[in-house]
Structures are given as C-alpha cells and as structure tokens.
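This is what each chain is made of:
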Amino acid sequence: PMSNWPNERKFAVAIWAVATSGYVLWQGIPFDRATQFLIIITAALAFSIGTTTRSVRVFADWVPFAILLYGYDYSRGAADTFGFKVRVEEIYNIELAWFGWLFEDKIPTVWLQQHLYDPNQIAWWEALVALVYVSHFVAPWAIVGILYVKNRELWAKFARRVITISFAALITYILVPAAPPWYAAREGLCEPVVRIATRGWEIIGLPIAGQIISLGQGVVNQVAAIPSLHAGMAVTITLFFWARVGLKMKAFLAFYVSLMFFALVFGGEHYIFDAILGAIYAIAVEYGCRAWERYSVKRRASLPPEESFKTL
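Residues numbered from 1 in each chain as written. Predicted model: local features only at pLDDT ≥ 70, side-chain atom pairs only at ≥ 80, totals over all residues. Heavy atoms only, no water.

A tally of helices and strands in the protein yields 15 helices and zero strands. Of all 312 residues assigned to the protein, the portion counted as buried reaches 45%. Total accessible area on the protein stands at roughly 16,500 Å², and carbon and sulfur atoms take up 66% of it. (Helix = DSSP H or I, 4+ residues; strand = E, 2+ residues; numbered from the N terminus. Buried < 20%, exposed > 50% of the residue type's maximum accessible area, 1.4 Å probe, protein only. Areas by Shrake-Rupley, 256 points an atom, 1.4 Å probe, with all protein chains shown as cover.)

Side chains of Trp124, Leu128, Leu131, Ile203, Ile204 and Phe255 sit close together on the surface and give an oily, nonpolar patch of about 590 Å² of accessible area. For the nonpolar patch, the secondary-structure elements that each account for two or more residues are α6 (126-135) and α10 (201-204). Here leucine 128 lies in helix α6. By relative accessible area, leucine 128 is classed as partly exposed at 36%. (Patch = residues over 30% accessible without salt bridge, like charges linked within 9 Å, V, L, I, M, F, W, Y side chains within 5 Å. Salt bridge = Lys/Arg side-chain N within 4 Å of Asp/Glu carboxyl O.)

In this structure, threonine 172 sits in helix α8 (residues 152-175). For threonine 172, the side chain forms a polar contact with the main-chain oxygen of alanine 168, separated by 2.8 Å. Not counting chain neighbours up to four residues away, the residues in contact with threonine 172 comprise Pro177, Ile226, Pro227 and Tyr281. (Polar contact = N/O pair within 3.5 Å; in protein donor to acceptor, adjacent residues only side chain to side chain. Contact = heavy atoms within 4.5 Å.)

Considered for burial, the residues of helix α4 (residues 89-99) that qualify are Ile91, Tyr92, Glu95 and Phe99. Viewed along the axis of α4, the buried residues span an arc of 100°, placing them on a single side of the element. (Arc of directions from axis to C-beta.)

What follows is the structure in structure tokens.
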C-alpha cells in the first residue's frame, strides 16, 4: 500500500504526477515518441525509489517499449519503402461478404453510422465509445507501470504479451498494409464514413481532448488496419487477468472487449474482420506465452541451483 512507501518515493511520484498532468494540460496528450518514453521512464524511476531495482535495470527493462513506440512510426512509411501494395478493396470485400448480409448489403460501419450517427447531436453513449477507444493508449501502459512496482513477476508476464502482440502487429502492418473503412469510403468503395470514435469527449466536457486525439490520428500509420491492435490489446488484457479476478471484473472485461469492438466499427477505424483478427493474434500470443512460461519453469527446475538463479 501507498502508506508503506518511503517518503522519497512519495515525493518523487508526486512530482512526476504534477509534472505530467501539467504538461498534458499545457501541451495536450503527447504523440511524439520521445515525450511518451520520457513520461514512461520517469514514472518507472519514481516508483522504483526505495526498492532493490537499480536505475540501470529500470532503463534496461523499458528499452523494448521504447523500440516499440518508435516502431509504430517506422511502420508508417514501410509500405512505401518496400513497395508493398496497400490492401483496400480486398479487406472491404471480405467485410462485405462476411457481414453484409446482416447489414442490408452494406459494411457494418456504414450501416451503424447511418442508423446511429447524428452529425447534429452527440448521444450520451458516445462518451463511453470515446473513453473505451482512447483507453487503448493508456490502459496497457498504466497496467505495466502498476505491475512493475507491485509484482515484478506479473509485470514480466504481462509485458511479454504486450511486446509480443505489438511487434507481431507491427510486422503485419509492414508486410500487409491495409486500409480501414474510412479510407475505403474516401476511395469511393462505399457510402461516406466519418471518423467519430472520439467525438464523445465533448459530452465528457473535454472537446479539446477529442481534437487532440483526432490530430494524433493524422500522424500515425493510416494503413495499419489488420490486425486491430485496439481489439488485440483489449483481448490481451482480458485473457491475462481473467483467471486472476472475480466475477464482477470478468463481466467488466467482457463488456470492455465488446464495447471496444463496437467503438472501432462504429467509429470507422476498423472492420469487424480487423477486430476478429486482432483477437486471434491476442489468443495466439496468450497461449504461446503460457507455453513458453511453462517451458521456462521446467527448464529452471532441471538446472543446478546456481544455474537456475542465473536464468531468472
């Protein structure tokens, strides 16, 4: 508990929280990778004060996340660099063939926006859509940060999953660049699609937040539709904590994944196909990591004590 923290950690964490909050209020949500990594690494350093974790180890532990953040930027130009074809019609046709019969021969995004989207009025439930959509940019980092301080073993397991699914998605973005629904609509494949996943922020009372996030959408990879990492990360979180939480939290996690799927499709950011593929990636990563962890435990058990210690 926080009450047992040494005063030095309390002071450092307080300074970090004030400085970070002040920066966000002043400059908005940071989308440049240097600032994002600076916030993450200073948080890890602040929370590790008074523990046995040294500063050098903190940097070493978080380097993979820094590589991951910059990887997203690299993937943006990789399609042009390597000459891979951007899949626009192919993904659109899959969505229409799989789900069009349920949505009056339209892709689900078009049907949902035609029936639920009012450009002149924001529905109350769109605030939930915005919160869930944006949680993707916060929840994984918050979880790894909290686990880093509270339970290093769980942190290592969860971080392994986050890094694995993220790099698997990044490789896919580079090799198979694919367009989301709003992009397909812009190319004339279907009726207009509006990017509305974040407009619910205006109901929350933070319209500027929605504007900042929308601005950030313009600088990230525009052809990173498959798999949906939003959906994949939500399923990753759910699978990791499912056996570790009670019934109420299980219900919340199931609702969270369902609402994330809806937010992505309704908001025009992903097809249902993208979200399903993201979930498949998450399931594969979860069971792959479990197999690796079982193997690691057996391997350490078979080693002499001194060698087993070195593998920790």
